[in-house]
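Read off the chains here:
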Amino acid sequence: MRQGLAENKALQLLTGGAGVGKTALLNVLVASLEIPGYLCVVTRPVRNAADFLTFLGGQLDLPFHGNKAKFLVLFANLLEECRDAGSKILLIIDE
């Protein structure tokens with residue numbers, strides 16, 4: 001996981017059976033990271049898209065008022081700002 005972050009991999013997937021330590025590994029990783037930008041950790045993600053976007057918006061300081069299209073425009077703008085500033089958004093979803 002650490003190597004993937006160092007190599008700016010856009011997506012990583014960690015899989016394994018219940019109880020093998022995926023969450024523990026992620027907790028150790030998160031505790032050791034210094035992210036220039038945003039770190040969002042979602043545990044037990046909600047099933048409702050609006051609730052997920054509300055949570056994500058809260059983590060990223062982006063308002064979500066029920067309009068997915070407007071939120072996605074704001075999110076795309078934030079991604080561009082981060083790219084231009086050399087910062088990152090790390091989103092970890094621990095299901």
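One can find the structure itself at the top, above this paragraph.
Treat the numbers as computed from the prediction; the structure is a model and nothing was measured. (Residues numbered from 1 in each chain as written. Predicted model: local features only at pLDDT ≥ 70, side-chain atom pairs only at ≥ 80, totals over all residues. Heavy atoms only, no water.)

A. The arrangement of the overall build of the chain in detail. Regarding its fold elements, the chain presents four helices and two strands. When the helices and strands of the chain are placed in sequence order, the string is α-α-β-α-α-β. If you line up the chain on its principal axes, its C-alpha atoms span 40 × 30 × 20 Å. Across the 95 residues of the chain, 21% fall into the buried class. Restricting to contacts in the chain with at least 6 residues of sequence separation, those with at least 24 account for 52%. (Helix = DSSP H or I, 4+ residues; strand = E, 2+ residues; numbered from the N terminus. Buried < 20%, exposed > 50% of the residue type's maximum accessible area, 1.4 Å probe, protein only. Contact = heavy atoms within 4.5 Å.)

B. Highlighting the nonpolar core. Membership of the largest hydrophobic core is limited to eleven residues, which are Cys-40, Val-42, Phe-52, Leu-53, Leu-56, Leu-60, Leu-62, Phe-64, Phe-71, Leu-78 and Cys-82. Put simply, the parts of the chain that give this core at least two residues each are β1 (37–43), α3 (49–60) and α4 (68–85). Of all the elements, α3 adds the most residues to this core, at four residues. Apart from the residues lying within four places of it in its own chain, the contact partners of Leu-78 are Tyr-38, Leu-60, Leu-62 and Ile-89. If you look at the next biggest cluster of nonpolar residues, it comprises six residues, including Leu-5, Leu-26, Leu-33 and Leu-90. (Core = buried A, V, L, I, M, F, W, Y, C linked by side-chain atoms within 4.5 Å.)

C. Seen up close, the layout of surface pockets. Taken as a whole, the largest pocket encloses approximately 930 Å³ of empty space. Residue lining of the largest pocket: 26 residues in total, with Ala-10, Leu-11, Gln-12, Leu-90 and Leu-91 positioned closest to the centre. Counting only elements with at least two residues in the lining of the largest pocket, the list comes to α2 (22–32), α4 and β2 (88–94). Per-element tally for the lining of the largest pocket: the top contributor is β2, with seven residues. Of the residues in the lining of the largest pocket, the class split is 17 nonpolar, three polar and six charged. (1 Å grid on protein atoms, 1.4 Å probe; cavity = no way out; pocket = protein on both sides within 12 Å on 5 of 7 lines; lining within 4 Å. Points joined across faces, edges and corners; volume = space filled by probe spheres on them. Nonpolar A, V, L, I, M, F, W, Y, C, P; charged D, E, K, R; others polar.)

D. Examining the environment of Asp-94 more closely. Along the chain, the position of Asp-94 falls in strand β2. The buried category is assigned to Asp-94, whose relative accessible area is 11%. Linking Asp-94 and Tyr-38, residues 56 residues apart in sequence, is a C-alpha distance of 17 Å. In this structure Asp-94 touches Thr-23, Leu-26, Val-42, Thr-43, Arg-44 and Pro-45, once residues within four positions along its chain are discounted. A distance of 2.7 Å separates a polar atom in the side chain of Asp-94 from a polar atom in the side chain of Thr-23. (Polar contact = N/O pair within 3.5 Å; in protein donor to acceptor, adjacent residues only side chain to side chain.)

E. Inspection of the packing of α3 against α4 at higher detail. Running from N to C, α3 and α4 point in directions that differ by 35 degrees, and their axes come no closer than 12 Å. Note on packing geometry: the crossing formed by α3 with α4 is left-handed. When α3 is examined against α4, the residues Ala-49, Leu-53, Leu-56, Gly-57 and Leu-60 are found in contact with a partner set consisting of Lys-68, Phe-71, Phe-75 and Leu-78. Residues belonging to the contact of α3 with α4 are distributed by class as follows: seven nonpolar, one polar and one charged. (Axes fitted to C-alpha atoms, helices over the stretch in contact; angles between N-to-C directions. Left-handed = near helix turned anticlockwise from the far one by under 90°.)

In short, geometric facts, not functional conclusions.
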